[in-house]
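Below, each chain spelled out in residue letters.
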Amino acid sequence: IIKVNPIEALVGEIRISYEKPIKHNISLEIGAGYIYAIYFGQIREEGGEGGEGFSNLNYGYKGYSYRGGIKIFFLKKNDQSSFYFNPLIFIQHYHYPSTDLTDDLVNTIGLQYLVWFKIPSQSILSFDIYFGIGFRKTFDNLNYHSIISPNEMYIYYSITPQIGFTVGFKLFKPLCTKQS
């Protein structure tokens, strides 16, 4: 199943994921994305404050992300349409284009623990909704292009609520089909 997350596209990241069922109750999912904006508050703000923010987007940052995880389905349905638990790890790397004075390089690594529900569908489309919690550690490296000012490194941790949905396109038939 090839998936996209429409909400993330609205808040600064376009990501495509691939989900591969390996058993009737287990799937693996990997994804890669392009970051074209970040929320103010995701990195160091004036005064050195960090953490997640829910304000305007900053379109100056560009980068990429990778993520992967395992999905463990609670019910033993053959079509994998049920609630499932999805621990995953992600990495983000983004930067602010150089100015005459500085450039900003940000790396984030994190874990997310999500509970999903895969909506049953007989069509080629797949729909999943999720909620959960994420933990991240961010390294914000501000480089000054002068001998007078030293470079600055900020490291901070944050906990973020997660909620959203994905839309997928089924490339193959399910592992098992229901018998009539």
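The structure reproduced in this document is the subject of the present report. Note that this is a predicted model, so its numbers are computed, not measured. (Residues numbered from 1 in each chain as written. Predicted model: local features only at pLDDT ≥ 70, side-chain atom pairs only at ≥ 80, totals over all residues. Heavy atoms only, no water.)

## Quick notes on the overall build of the protein
Spelled out, the test is: Strands here are runs of E lasting at least two residues and helices are runs of H or I lasting at least four, both read from the DSSP assignment and numbered beginning at the N terminus. Remark: exposure states derive from per-residue accessible area (1.4 Å probe, protein chains only) relative to the maximum for the residue type, with buried under 20%, exposed over 50%, and partly exposed in between. Any pair of residues with heavy atoms lying within 4.5 Å of one another is described as a contacting pair.
Tallying secondary structure elements over the protein gives one helix and 10 strands in all. Secondary structure elements of the protein occur, N-terminal to C-terminal, as β-α-β-β-β-β-β-β-β-β-β. Relative to its 180 residues, the protein shows a buried fraction of 40%. Sequence separation of 24 or more characterises 59% of the internal contacts of the protein that already satisfy a separation of 6 or more.

## Regarding the nonpolar core
Basically, it comes down to this: Nonpolar cores are built from buried Ala, Val, Leu, Ile, Met, Phe, Trp, Tyr and Cys residues. Side-chain atoms within 4.5 Å join them into one set.
By size, the foremost hydrophobic cluster in this structure holds seven residues: Phe-73, Tyr-84, Leu-88, Phe-90, Leu-114, Trp-116 and Tyr-130. When contributions to this core are tallied by element, the ones reaching two or more residues are β7 (83–96) and β8 (102–119). The biggest single contributor to this core is β7, with three residues. With residues up to four places along the chain from it excluded, the contact list for Leu-88 reads Arg-67, Gly-68, Gly-69, Gly-110, Leu-111, Gln-112 and Leu-114. If you look at the next biggest cluster of nonpolar residues, it comprises five residues, including Ile-35, Tyr-61, Tyr-94 and Val-106.

## Some points on the packing of aromatic side chains
Note the cut-off: When the centres of two rings from Phe, Tyr and Trp lie within 6.5 Å, Trp using its six-membered ring, the rings pair. Their planes under 30 degrees apart give stacked, over 60 give edge-to-face, and anything left gives tilted. The rule for a charge over a ring is simple: NZ of Lys or CZ of Arg within 6 Å of the ring centre, and within 35 degrees of the ring normal.
In this structure the tally under the stated criterion is seven aromatic pairs. Their ring planes at 55° and their centres at 4.8 Å tell us that Phe-83 and Phe-117 sit as a pair that is tilted. Residue Phe-83 is found in strand β7, and its partner Phe-117 is found in strand β8; the two are separated by 34 residues along the sequence. The exposure class of Phe-83 is partly exposed, given its relative accessible area of 44%. Seen from their ring centres, Tyr-84 and Trp-116 are 5.6 Å apart, and the 10° between their planes marks the pair as stacked. A residue pair is termed long-range when its members are at least 10 positions apart, and Tyr-84 in strand β7 and Trp-116 in strand β8 qualify at 32 residues. Taking the relative accessible area as the measure of exposure, Tyr-84 reaches 0% and is therefore buried. Taking relative accessible area as the criterion, Trp-116 reaches 5% and is therefore assigned buried. Three or more aromatic residues link up through ring pairs in this structure, and these residues are Phe-73, Tyr-84, Trp-116 and Tyr-130. A cation sits over an aromatic face here: Lys-3 above Trp-116, 5.8 Å from the ring centre. A cation over an aromatic ring shows up here: Lys-71 above the ring of Trp-116, its NZ or CZ 4.9 Å from the ring centre.

## Regarding the pairing of strand β10 (residues 152–169)
Inclusion rule: By this definition, two strands are paired if DSSP reports at least two bridges between them.
The pairing of strand β1 (residues 2–4) with β10 spans three bridges and is antiparallel. Residue pairing for β10: Ile-2 is matched across the bridge by Phe-169. Where strand β9 (residues 125–144) lies against β10, 18 bridges are found, and the strand directions are antiparallel. Considered in β10, the bridge of Phe-131 is made with Ile-163.

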